[in-house]
Amino acid sequence: MKPPFPPVPYDKTAVRPPYEDLPVEVRDDIAAHLGGAPIRVEVAGGGFTSGFAGTLTAANGRSLFVKAAGPQLPFVSNAYTQEAHINPALPEGTPAPRLRFASQVHDWVVLGFEAVHGTAPRLPMTAHQVDLMLDAWARAAEFLRHAPKLNDFQLPPMSVGVAEKLQQFNEAAAGRLPLTMLPEPHQERIETLARLERYVWDATESGGITHGDLRPDNMIVTDGQAWICDWSWPMHGAAFFDTACFLAVARLGGHDSERLFWRHPTAHNVEGWQLDATLAAIAGYYLSSAQEPPIPDASPYMRRHQRQCGLATLDWLAARRGW
C-alpha cells in the first residue's frame, strides 16, 4: 500500500529535551551509573513521546541508553516506571535491551539500559529488516509463553487493558463517535466493521503475553538481529495481535502483510475470522485516535502515524474481504 501522504520518518519523529536541560541531580545520577559524565550524547530521533531518551557514553567507554521523564510528563514517567518493573522480569533470551539501573531522583524517573548500537527502521523498510524484526518477535513470543516472573505483575487481559480502544466501530455504529478519518467507501460498512470488531476478544483470548505496542519504531535493527524495546504495556492475549499491528505498518512500505502473517509462528492455528476481527479493531483504534487533537509536547507526527496505520490496516482487511 502506498501512503496517501508522505510516510512518517520513524527515525526523526521525536521532540526531546537536550541532555543539558535535565535537572543537575538527574545528570549527576546518570554520571554515577556511567562512571563519569558523558562525553558523547546521541539523542534518540524516534518515538512519539517527549521524554529524554538517548545513548550516553563516558570517557571510560561505558555506554548506556538512558530514559528520563519528570512530573510535567506524567504519562511518560508512568510508562518508564512500569518498564522498570517489567524489563527485569522478561524471560532470559528475550531479544530486548536489558535494564541496568532505575532511579527515582526527586520527582524524575531515570532508567538506564544496555546500549544496542543499531539503527531505527525507516519506511520503506527493507525485506531483510522486516524479516529480522519478525524473527525477533517470534522468539520473544515463544519466550513469553513461559514467563513466570511476569505473572507476579498480574498483567491485565487485553479485554481489560485496551477494552475501550478496540471497540471504536461499535461506538460509531451506536452514533456516539463520528469517524471522520474513515474513507467514504467504508462509511457504509460501519455496521459490518462493528460486527467484526465485536469478536476481537474471542479472537485474541490466549494464555500468551503480548508486547502491547509492537511497531517498527519500538525496535532497533543491527546487521544480524532486531531488538524489541519499550516493554511498558504487556498484556495477556494472543501474540498474533502484535504481529498484525507490526505488519500493518510494514504494509505501508509495500510488504505483503498477508503472506508474512500466515508464515509467522504466532499465526499457527489462527483462523481467518480471528485475523479479520483483529484488523477491524486495530483499524478502528487508529482511525479514531487520528482525528483527536494533537497532544501537547508529543510528536507532531503522531496523528499522521495513526492515520496511516489505520488506513493500512483497513486496506489489508478490505483486501481479505474483497471490498
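Above this note sits the structure.
Rules used in this analysis
Residues numbered from 1 in each chain as written. Predicted model: local features only at pLDDT ≥ 70, side-chain atom pairs only at ≥ 80, totals over all residues. Heavy atoms only, no water. Salt bridge = Lys/Arg side-chain N within 4 Å of Asp/Glu carboxyl O. Helix = DSSP H or I, 4+ residues; strand = E, 2+ residues; numbered from the N terminus. Buried < 20%, exposed > 50% of the residue type's maximum accessible area, 1.4 Å probe, protein only. Core = buried A, V, L, I, M, F, W, Y, C linked by side-chain atoms within 4.5 Å. Contact = heavy atoms within 4.5 Å. Arc of directions from axis to C-beta. Axes fitted to C-alpha atoms, helices over the stretch in contact; angles between N-to-C directions. Parallel < 35°, antiparallel > 145°, perpendicular 65-115°, else oblique. Left-handed = near helix turned anticlockwise from the far one by under 90°. Nonpolar A, V, L, I, M, F, W, Y, C, P; charged D, E, K, R; others polar. Phe/Tyr/Trp six-rings, centres within 6.5 Å; stacked < 30°, edge-to-face > 60°. 1 Å grid on protein atoms, 1.4 Å probe; cavity = no way out; pocket = protein on both sides within 12 Å on 5 of 7 lines; lining within 4 Å. Points joined across faces, edges and corners; volume = space filled by probe spheres on them.

**Quick look at the pattern of salt bridges**
Right, so step 1: Applying the stated criterion across every chain, the model contains 15 salt bridges.
Right, so step 2: Salt-bridge contacts for Arg122 lead to Asp11; the nearest nitrogen and oxygen are separated by 3.3 Å. Of this pair, Arg122 sits in the loop between β5 (108–114) and α3 (127–144) while Asp11 sits in the segment before α1 (24–34); the two residues are 111 residues apart in sequence, bridging distant segments of the chain.
Right, so step 3: Arg145 is the salt-bridge partner of Glu142, the closest N and O atoms lying 3.1 Å from each other.
Right, so step 4: Judged by its relative accessible area of 52%, Arg145 falls in the exposed class.
Right, so step 5: A cluster of three or more residues bridged by salt bridges with shared partners is formed by Glu258, Asp276, Arg320 and Arg321.

**Notes on the nonpolar core**
Right, so step 1: Ranked by size, the top nonpolar core spans 73 residues in total, and within it Trp137, Leu150, Ile228, Trp231, Phe246, Leu247 and Phe261 carry the most contacts.
Right, so step 2: Discounting residues that sit within four places of it in the chain, Ile228 has contacts with Pro95, Ala96, Pro97, Ala136, Trp137, Ala140, His211, Leu214, Asn218 and Met219.
Right, so step 3: The next biggest cluster of nonpolar side chains, apart from the first, holds 15 residues, and it includes Ile30, Leu34, Leu56 and Val110.

**A word on helix α8 (residues 190–198)**
Right, so step 1: When we look at burial in α8, the residues that qualify are Ile190, Leu193, Ala194, Leu196 and Glu197. The buried residues of α8 occupy one face: seen down the axis, they fall within an arc of 160 degrees.
Right, so step 2: As for α8, its buried residues are in contact with α6 (168–173), α7 (184–187), α9 (200–204), α12 (272–290) and α13 (302–321).

**Considering the packing of α12 against α13**
Right, so step 1: At a minimum axis distance of 8 Å, the contact between α12 and α13 shows a crossing angle of 150 degrees. As far as their axial angle goes, α13 and α12 are roughly antiparallel. Of the two possible hands of crossing, α12 and α13 adopt the one that is left-handed.
Right, so step 2: When its residues are assigned to classes, the contact of α12 with α13 shows 14 nonpolar, six polar and five charged.

**Section: the packing of aromatic side chains**
Right, so step 1: Inspection of every chain in the model, using the stated rule, returns eight aromatic pairs.
Right, so step 2: Between the aromatic rings of Phe261 and Trp316, the centroid separation amounts to 6.1 Å while the plane-to-plane angle is 70 degrees, which identifies the pairing as edge-to-face. Linking Phe261 in helix α11 (residues 257–263) with Trp316 in helix α13, this pair joins segments that are 55 residues apart in sequence.
Right, so step 3: When the ring of Tyr285 is compared with that of Tyr286, the centres are 5.2 Å apart and the planes differ by 45 degrees; the resulting orientation is tilted.
Right, so step 4: For Tyr286, a relative accessible area of 6% corresponds to the buried category.

**A few points about the layout of surface pockets**
Right, so step 1: Computed from the structure, the second largest pocket encloses a volume of approximately 370 Å³.
Right, so step 2: Considering the residues around the second largest pocket, the lining is formed by 19 residues, among which Arg145, Ala239, Pro265, Thr266 and His268 are closest to the centre.
Right, so step 3: With four residues, α3 is the largest single contributor of residues to the lining of the second largest pocket.
Right, so step 4: Residue composition of the lining of the second largest pocket, grouped by class: ten nonpolar, six polar and three charged.

**Regarding the packing of helix α10 (residues 240–252) against α12**
Right, so step 1: Running from N to C, α10 and α12 point in directions that differ by 55 degrees, and their axes come no closer than 10 Å. In terms of their interaxial angle, α10 and α12 are classed as oblique. For the crossing formed where α10 meets α12, the hand is right-handed. Between α10 and α12, the contacting residues are Phe240, Phe241, Ala244 and Cys245 on the first element and Gln274, Leu275, Thr278, Leu279 and Ile282 on the second.
Right, so step 2: Split by residue class, the contact of α10 with α12 holds seven nonpolar, two polar and no charged.

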